[in-house]
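Observations on the three-dimensional arrangement
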Amino acid sequence: MGTRKKEMAEAIKAERKTVAIAKLNDCPTSPRKMRLVADLVRGQKVDKALQICKFSSKEASRRVEKLLLSAIANWQAKNEDADVESADLFVKEIRVDCGTMLKRLRPAPQGRAHRIRKRSNHVTVIVDALNKIQS
């Protein structure tokens, strides 16, 4: 491996040290409903985002709250020597993508049938530290 490639790989590795990722796959909520909650917490500090999720009346906010807690735990596993409060974690990115769609039939008038689409989604949360950790 060349020196430039090796230096670049080490820089990427050091950058990923401060970032933690958590994923939720096949969540049985429509992506549109989940994006309403995701837009509320995007870019917020982690403690404020948790408070938003906790006091939101939306059902999707409970799932986002658990996902944020998982991302924080992943960050702590990567940075055992660092403290969460001193690191100033924030939600760097939260992405909601469409998942699988279950197609069902519902009876309609005059012997017809209407298709019901039960949507699901995939949520990805990336948590980063404002105060970068020197190792």
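Fair warning: this is a prediction, and the values are worked out from it, not measured in the lab.

The next point concerns the pattern of salt bridges. Taken as a whole and assessed by the stated rule, the structure comprises 6 salt bridges. A salt bridge links Asp39 to Arg42, with the shortest nitrogen-to-oxygen separation between them at 2.6 Å. Residue class for Arg42 comes out partly exposed when judged on its relative accessible area of 39%. Salt bridges here are not isolated pairs; linked through shared partners, they connect Glu93, Arg95 and Asp97.

What follows covers unusual backbone geometry. Backbone geometry places Asp88, a non-glycine residue, at a positive phi of 60°. With respect to the element layout, Asp88 can be found in the loop between helix H5 (84–87) and strand S2 (89–107). Backbone geometry at Gln110 places phi at a positive 60°, although glycine is not the residue there. Position of Gln110 among the secondary structure elements: in the loop between S2 and strand S3 (113–129).

Take the sheet that holds strand S1 (residues 20–27) next. Two modes of strand pairing occur in sheets, parallel and antiparallel, and in both the strands are linked by backbone hydrogen bonds. If you trace the 3 strands from one edge of the open sheet to the other, you get S1-S3-S2, paired in antiparallel fashion. Since the sheet does not close on itself, it has two edges, and those belong to S1 and S2, each with one partner. For this sheet, the mean angle separating the axes of adjacent strands, direction not counted, is 10°.

This paragraph deals with helix H2 (residues 31–41). Residue pairs three or four apart in sequence face the same way in an α-helix, which turns once every 3.6 residues. Of the positions making up H2, those classed as buried are Pro31, Met34, Val37, Ala38 and Val41. Along the long axis of H2, the arc covered by the buried residues comes to 125°, so they all point the same way. Among the exposed residues of H2, those pointing more than 90 degrees away from its buried face are Arg32 and Lys33. Looking at the buried residues of H2, the elements they touch are S1, helix H3 (46–55), helix H4 (60–78), S2 and S3.

Here we take up the confidence of the model for the protein chain. Detailed reading of predicted coordinates is not advised where the pLDDT is low. Scored by pLDDT, the protein chain comes out at a mean of 93, with 96% of its residues at no less than 70. By mean pLDDT, the top-scoring element of the protein chain is H2 (97), and the lowest-scoring one is H5 (85).

What follows concerns the packing of H2 against H4. Direction vectors running N to C along H2 and H4 enclose 50°, while the axes themselves pass 9 Å from each other. By the angle class used here, H2 and H4 are oblique. Here the hand of the crossing between H2 and H4 comes out right-handed. Between H2, through Lys33, Met34, Val37 and Val41, and H4, the contact on the second element is made entirely by Ala60, Ser61, Arg63 and Val64. Partitioning the contact of H2 with H4 into residue classes produces 5 nonpolar, 1 polar and 2 charged.

So, on to the pairing of S3. As paired elements, S1 and S3 share 6 bridges and run antiparallel to each other. Residue pairing for S3: Lys23 is matched across the bridge by Thr124. The pairing of S2 with S3 spans 16 bridges and is classified as antiparallel. Bridge pairing links Val96 to Val123 in S3.

Attention shifts here to the packing of H3 against H4. Following both chains from N to C, one finds H3 and H4 inclined at 155°, their axes separated by 8 Å at the closest point. For the element pair H3 / H4, the angle class is roughly antiparallel. Helix-helix and strand crossings are classified by hand; for H3 and H4 the assignment is left-handed. Of H4, the residues touching H3 (which contributes Val46, Ala49, Leu50, Cys53 and Lys54) are Ser61, Arg62, Val64, Glu65, Leu68, Leu69 and Ile72. Residues belonging to the contact of H3 with H4 are distributed by class as follows: 8 nonpolar, 1 polar and 3 charged.

What counts, and at which threshold
Each residue is numbered by its place in its chain's sequence as written, counting from 1. It should be noted that, the model being predicted, local features are given only for residues of pLDDT at least 70 and side-chain atom pairs only at 80 or more, the latter also being counted only at that level, while totals for whole chains, interfaces and linings use all residues. With hydrogens and water stripped out, all remaining heavy atoms of the structure feed into the side-chain values. A carboxyl oxygen of Asp or Glu within 4 Å of a side-chain nitrogen of Lys or Arg is what we treat as a salt bridge. Relative accessibility thresholds used throughout: buried, under 20% of the residue-type maximum; exposed, over 50%; partly exposed, between the two (1.4 Å probe, protein chains only). Each helix is a run of DSSP H or I of at least 4 residues and each strand a run of E of at least 2, with the numbering of both proceeding from the N terminus. At least two DSSP bridges between two strands are needed for those strands to be called paired. To obtain each axis, a line is fitted to C-alpha atoms, and for helices this fit is confined to the stretch in contact; angles are then taken between N-to-C directions over 0 to 180 degrees. Taking the helix axis as origin, the arc is that swept by the directions to the C-beta atoms. We call two residues in contact whenever any of their non-hydrogen atoms come within 4.5 Å of each other. Each residue carries a pLDDT score, the predictor's confidence in it, ranging from 0 to 100. To sort the angles, those under 35 degrees are grouped as roughly parallel, those over 145 as roughly antiparallel, those from 65 to 115 as roughly perpendicular, and the leftovers as oblique. Crossings are assigned a handedness: left-handed for a near helix turned anticlockwise from the far helix by less than a right angle, right-handed for a clockwise turn. Each residue receives one of three labels: charged for Asp, Glu, Lys and Arg, nonpolar for Ala, Val, Leu, Ile, Met, Phe, Trp, Tyr, Cys and Pro, and polar for the others, Gly being one of them.

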